[in-house]
Amino acid sequence: MDNIAGHKSGLTWAVHLSVAFLVILWLFPTMGLFVSSFRTADQISSSGWWKALFPTEQNIVIRGASPSEQVQVDGMYVIEGSVFDSRASGDIAHWGTSSREIDAYKPGEVVEMRDGSTITLNEDGTYRMENAAEFEGSRGQRIFFTATTPPEFTLDNYEFMLFDERNSEGMSKAFFSTLTVTIPATVIPILIAAFAAYALAWMEFPGRAILIACVVGLLVVPLQLALIPLLKFHNNIGIGKGYLGVWLAHTGFGLPLAIYLLRNYMVGLPRDIIENAKVDGATDFQIFVKIILPLSFPALASFAIFQFLWTWNDLLVAMVFLIDSSGQTTVMTKQIVEMLGTRGGDWEILATAAFISMAVPIAVFFAMQRYLVRGLLAGSVK
Amino acid sequence: MKFHLLASVAGLALVAGAANAELKFPVGEGPFSWDSYTAWAESAPDLSGQTVTVSGPWLNPEDGFFRDVLAYFEEATGAKAVYTGSDGFEQQIVIDAEAGSAPNIAVFPQPGLAAVLAAKGQMTPLGDDMRQWVADNYAAGQSWVDLGTYPDQNGDPQFYGFFYNVNLKSLVWYSPDNFDDAGYELPGTMEELKALTEQIAADGEVPWCIGLGSGAATGWPATDWVEDMMLRTQPPEVYDQWVSNEMPFNDERVIEAIEEYGWFARNDAFVSGGSGAVSSTDFRDSPKGLFTSPPQCYLHRQASFATAFFPEDVVPGEDADFFYLPGFAEKDLGNPVLGGGTVLAITDPTPGAEALMEFLTLPIASEVFMNQSGFLAPHKGVNLDAYRDEILRKQGEILLDATTFRFDGSDLMPAAVGAGTFWTGMVDYTGGKDAKAVADDIQRSWDALK
C-alpha cells in the first residue's frame, strides 16, 4: 500500500532538506562576495561581510577640521564640525581624545585639553573646540568615539569598474575581445566534434574502438603540458600570438570532451531511424545533417555551455596564446587581474569584478540550462 | 557573416584603445630635470613607425605611471612604446622567451629570474658604457653593477640590466599621534627598540603588527626580517656568503638571526593577535592595526611600499611616519641598507629597445614615476624635489647616502629556496618549530639543487 504512485514518501522531506542545504552551502560564498562588492576596502579589512548586514558598535577615529578652518567668535578661536560629515550617522556611546582612553567621556561633556583649549562632542556628532589662543599645526585634533552605526553600502566599486574613465575603456575593449575569443572557440570545436562523433558512433571502419579509446585517454592529459610546445609551433608556422592561435588552442583543448560527450549521446539514438534512412538511400552526410543534428540538439547545447563558460573564465590559455606585449589584445579575466593592483590587495575590486564578469555566463546558462541536464543525462540514463 | 561582424567589432575596439598618449607634465614645468631630457630628445634617433614593447609586473596604478614615462619617449623619438603588466609575469616571461615571443624589454621583479634567462642566452648584454654609467651614477654603484651582472650561456659574466624602481626594506612604521599619546620615544638603537617593545607590552598594549600571509608567497615578510637581522648581527660579507650558500644556511650565525626575529614574533605579548596569528594575518592587512581605535599595535616593520596598504584617510608623513630599523649599538656595523627592486633588461634587441633603455637612464624617467608613486631612485642625478611626499624623499635620501646596499637575499637565492623552502620554513619557525631544525631543512633543500 505504501508504494502507490502519487503517495509521497517520507524521504521526500530528507531530499528537499539536503537539496536546500546544498544550495545554501554553494550560495554562501557567493553571498559573501556579493555583499563585499558593495563595501569599501577599509570596511572589508576591518570586519567580516556578515557583520555588514546589521547595525554594529564600532570604535572610530576621525580627525576634526584642520586649524586652518578656525573662526573667531567673541574673542575665542572656534573650530566646529560633525564627525558624521563623511560617514553614516549613528548613536555615540562615549568618546575620547587619546588613543589610550577612547571611552573617557560621555557625549556633551566639555573637556579641557593639555594646551588649555576645550573640546566637546555632542550626541548628534557635532563637535566644538574653543581656545583663547590661535589653534596651531596643520592637522586637526583626533577624536575617538564609539558609535552604533547602521549598515553602510556603496556603489563606488561598480562605478569605478564600469564608468571610471581609467577603466571603462579598457573594460569595454576587454569585453569585446573576450567575445571575439569565446564565440569562435565555442563554435569551432562543436562543428568538428559533431562530425567526429557521428563517425565514431555510426560509421563502420577499422580501428574505431581504438580511436574512441584514444579520445577518452586524451581527456586526462593536462593542457599545461602542451603550452610551450604548442606556442613554439604557432610561432614557427607564423600564426604567432593572436586570435587565430587562441581559437585553435581552445579547439584542441576542448575537442576530447566534446567528441566524448557527443558520441555518447549519438550512440544512444534509435538505430531503426538511421537504418531506415540508409535503406531509403540517404548518404551518411544526409543522415548526419537531417536526422542526427536535430536530434542531438540538447547535447550540442550542453557542450556549448561548458565550452563557453570555460573559455569565458579562462586566463591561462589567453595569457599564453593571445596576450602579447603589444598591449592590443586582452580579455576580461586579464583586465580584472590587472585591476587588483600590483600587490593584489584590492579585494573590493575582485568581488565587484567577479559579479560583472559573471553576468554574461549567467545569461547564457539560463538561456540554455534546460538543455544542460537533458544533454548530460542522455546516454547514461536510457 | 557573423564572424566578419565580430572581427570588425574587435577591430573597432582595438582602434579605440590606441588613443594618443598625452604628456603628464608639460615640458619645462615642475621639479623635473628637463634639460637632460630636451638635450637627449634633440639627438634621439627618429624611430617613427617602430614599436617598442615592455612587459613587467606593475599593475594598477603603477602601470599608468610607467605609461606616463613612456609618453616622453614617444614624444622624443616618434616610436610607439607599449607596456603590458601581468601578475604572472615570472611565469609568462619564461614561456614567451622559451617560445620566441618575448617583449623587447622585460622588467624583472627578481634578479634571480633575469639570471636564469641570461644563462639560456635569451637576453642581450647592455655593454660596457652602460655598466660604467651605473657604476658612476648610482649611489653604491658597484653594488648595483654586481646585481645586474650574470653569466651568459657560455658562463662569461656580462652586464645585463640596471635597476629602476627600488624599494627600501627595513623601515619601521608607526603613528606619531599614538606615540605622543603614550609618551614613547623613537629608538636609536636595536637595544632601545627592544626596550621600547618591552615597555609597550608592560603598559598592557601590543607593540608589533606582523603578518606573513601573502597567498602562495606566504612567509616572505619573515624572510625580510631575517635578512634585516642578518645585516644587523653580521658584516655584509657574511650576508653575501649566506646568500650564495658559501656559508651553509644552518650556520650558527644564521640561526642567531632567525632567533632575533623570533624574539619579536614568537612572543605572544609582543604581536597583535599572539604569535599564532602571525602566519595567518595577511601582510596587506597587518599595517592597518596601527590606525585602528584603539590601536592594535604601535610598530610595523615593512618596506617603503607599506603606505599602499594604509587606510585611505591616513596621510603618510602626518598620520604615519617611519624610522629606519636601527642596528645594535654594541655591534658597530653602521647602517647597511636592505632593499629590493626591479631590473630592466633587453629580451628582444631592436634599435628602439636600445633607445628606450637609454631614455630610461635619464633623470626624467625616474622623476615622472616617483612624482606619482612610491618609487625610489638610486640615481644620483634625480631632483629630490620630485618625490611625491616628504616620506618618500626621506627614503630616497637614505638610499642615496647608503655606503653598502644589499639586495633582498631571498630574491637572490635559487627560486626553490628563496621563493620556496625559506618562505615555508619561516612559517614553520613562527609556528613554533625549532630554528635549528628549520635551518637544517632549508639547507637540505639547497643541497638537493646542487
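Because the structure is a prediction, the values reported are computed rather than measured. (Residues numbered from 1 in each chain as written. Chains lettered and ligands numbered in written order. Predicted model: local features only at pLDDT ≥ 70, side-chain atom pairs only at ≥ 80, totals over all residues. Heavy atoms only, no water.)

### A few points about the sheet that holds strand E6 (residues 118–121) of chain A
Residue and element names in this part refer to chain A.
Step number 1: Read from one edge of the open sheet, five strands run E2-E3-E7-E6-E5, paired in antiparallel fashion. Two strands close off the open sheet at either side, each with one partner strand: strand E2 (71–73) and strand E5 (110–112). Between one strand axis and the next, the sheet turns through 30° on average, direction left out of account.
Step number 2: As defined by bridge partners, E5 adjoins E6 across three bridges and the pair is classed as antiparallel. When the bridges of E6 are listed, Glu-112 appears paired with Thr-118. (Pairing = 2+ DSSP bridges. Helix = DSSP H or I, 4+ residues; strand = E, 2+ residues; numbered from the N terminus. Axes fitted to C-alpha atoms, helices over the stretch in contact; angles between N-to-C directions.)

### Side note on a nonpolar patch on the surface
Residue and element names in this part refer to chain A.
Step number 1: On the surface, a nonpolar cluster with roughly 780 Å² of combined accessible area is contributed by Val-216, Leu-218, Leu-219, Val-220, Val-221, Leu-225, Leu-257, Tyr-260 and Phe-306.
Step number 2: At the level of secondary structure, the elements contributing two or more residues to the nonpolar patch comprise helix H5 (208–218) and helix H7 (243–267).
Step number 3: Mapping Tyr-260 onto the fold places it in helix H7. (Patch = residues over 30% accessible without salt bridge, like charges linked within 9 Å, V, L, I, M, F, W, Y side chains within 5 Å. Areas by Shrake-Rupley, 256 points an atom, 1.4 Å probe, with all protein chains shown as cover. Salt bridge = Lys/Arg side-chain N within 4 Å of Asp/Glu carboxyl O.)

### Focus on the state of the cysteines
Defined simply, a disulfide is a covalent bond joining two cysteines at their sulfur atoms.
All names here are of chain B.
Step number 1: What the rule picks out here adds up to one disulfide over all chains.
Step number 2: Disulfide partner of Cys-209: Cys-297, at an S-S distance of 2.0 Å. As the torsion about the S-S bond is roughly -100°, the Cys-209-Cys-297 disulfide counts as left-handed. One end of the pair, Cys-209, is in the loop between helix H9 (190–202) and helix H10 (220–233); the other, Cys-297, is in the loop between helix H12 (252–265) and strand E8 (300–302), with 88 residues separating them in the sequence.
Step number 3: Of the residues examined, Cys-297 reaches a relative accessible area of 1% and is grouped as buried. (Disulfide = S-S within 2.5 Å. Buried < 20%, exposed > 50% of the residue type's maximum accessible area, 1.4 Å probe, protein only.)

### Notes on the UniProt feature "transmembrane region" (unreviewed entry) in chain A
Step number 1: UniProt records the feature "transmembrane region" (unreviewed entry) at residues 13–35, 175–203, 209–231, 243–262, 287–309 and 349–368 of chain A, using the numbering of this structure.
Step number 2: Regarding residues 175–203 of chain A, the helix share stands at 97% and the strand share at 0%, and the terminal C-alpha atoms are separated by 42 Å. (UniProt positions renumbered as here; feature names shortened; annotations may be inferred.)

### Regarding the domain arrangement of chain A
Step number 1: Taken domain by domain, chain A comprises domain 1 (11–51), domain 2 (55–150) and domain 3 (164–377).
Step number 2: Computed over C-alpha atoms, the centres of domain 1 of chain A and domain 2 of chain A are 38 Å apart. (Domains from an automatic or database assignment.)

### Concerning the pattern of salt bridges
For side chains bearing opposite charge, pairing can occur when the charged atoms are close.
Step number 1: Per the stated rule, a full pass over the model turns up 29 salt bridges over all chains.
Step number 2: With a shortest N-O distance of 3.0 Å, Asp-181 of chain B and Arg-142 of chain A are connected by a salt bridge. Of this pair, Asp-181 of chain B sits in helix H8 (residues 176–182) while Arg-142 of chain A sits in strand E8 (residues 142–149), which puts the two residues in different chains.
Step number 3: Asp-181 of chain B gets classed as partly exposed once you look at its relative accessible area, which sits at 24%.
Step number 4: Judged by its relative accessible area of 12%, Arg-142 of chain A is buried.
Step number 5: Salt bridges sharing partners connect three or more residues here, namely Arg-63 and Arg-142 of chain A together with Asp-177, Asp-181 and Asp-319 of chain B.

### A word on the packing of aromatic side chains
Think of a pair of aromatic rings as described by two things: how far the centres are apart, and how the planes are tilted against each other in angle.
Residues and elements named next belong to chain B.
Step number 1: For the structure shown, the criterion picks out 65 aromatic pairs over all chains.
Step number 2: Grouped by ring-pair contacts, the aromatic residues Phe-25, Phe-32, Trp-34, Tyr-37, Trp-40, Tyr-72, Phe-73 and Phe-359 constitute a single cluster.
Step number 3: One residue, Arg-266, lies across the ring of Tyr-429, its end atom 4.3 Å from the ring centre.
Step number 4: Taking the ring centre of Phe-322 as reference, the NZ or CZ of Lys-394 above it sits at 4.9 Å. (Phe/Tyr/Trp six-rings, centres within 6.5 Å; stacked < 30°, edge-to-face > 60°. Lys NZ or Arg CZ within 6 Å of the ring centre and 35° of its normal.)

### Concerning the pairing of strand E7 (residues 171–174) of chain B
Residues and elements named next belong to chain B.
Step number 1: Both faces of E7 are covered, namely the face carrying Leu-171 and Trp-173 and the face carrying Val-172 and Tyr-174.
Step number 2: Inspection of the sheet shows E7 paired to E8 by three bridges, in the antiparallel sense. Each residue of the ladder has a partner; that of Val-172, found in E8, is Arg-301.
Step number 3: Note: E7 against strand E9 (residues 321–324), four bridges, orientation antiparallel. Considered in E9, the bridge of Val-172 is made with Phe-323.

### Comments concerning the domain arrangement of chain B
Residues and elements named next belong to chain B.
Step number 1: Structurally, chain B comprises domain 1 (30–167 + 339–407) and domain 2 (171–337 + 409–447).
Step number 2: Overall, the association of domain 1 and domain 2 removes approximately 1700 Å² of surface from exposure, summing both partners, and the carbon and sulfur fraction of that is 62%.
Step number 3: Looking at the side of domain 1 facing domain 2, the largest losses of area belong to Ile-391, Arg-406 and Phe-407, adding up to 36% of the total buried there.
Step number 4: Summed over the shared surface of domain 1 and domain 2, the number is two salt bridges.
Step number 5: When the shortest N-O distance is used, the salt bridge between Asp-240 and Arg-406 registers 2.8 Å.
Step number 6: Put simply, domain 1 and domain 2 have six residue pairs in polar contact (both at pLDDT 80 or more) between them.
Step number 7: Elements with a contribution of two residues or more to the side of domain 1 that touches domain 2: helix H5 (111–119), helix H15 (390–401) and strand E11 (405–407). (Buried area = accessible area lost by both parts, 1.4 Å probe. Polar contact = N/O pair within 3.5 Å; in protein donor to acceptor, adjacent residues only side chain to side chain.)

### Comments concerning the pairing of strand E10 (residues 337–346) of chain B
Residue and element names in this part refer to chain B.
Step number 1: Counted residue by residue, E10 has ten buried out of ten residues, so it is predominantly covered.
Step number 2: Of the two faces of E10, both are covered, the one formed by Val-337, Gly-339, Gly-341, Val-343 and Ala-345 as well as the one formed by Leu-338, Gly-340, Thr-342, Leu-344 and Ile-346.
Step number 3: Pairing geometry for strand E3 (residues 105–108) and E10, over four bridges, is antiparallel. Looking at the pairing, Val-107 lines up with Leu-344 of E10.
Step number 4: In terms of strand pairing, strand E6 (residues 161–168) meets E10 through seven bridges, oriented antiparallel. The partner of Phe-163 across the bridge, within E10, is Val-343.
Step number 5: In terms of strand pairing, E10 meets E11 through three bridges, oriented parallel. Paired with Val-337 across the bridge in E11 is Phe-405.

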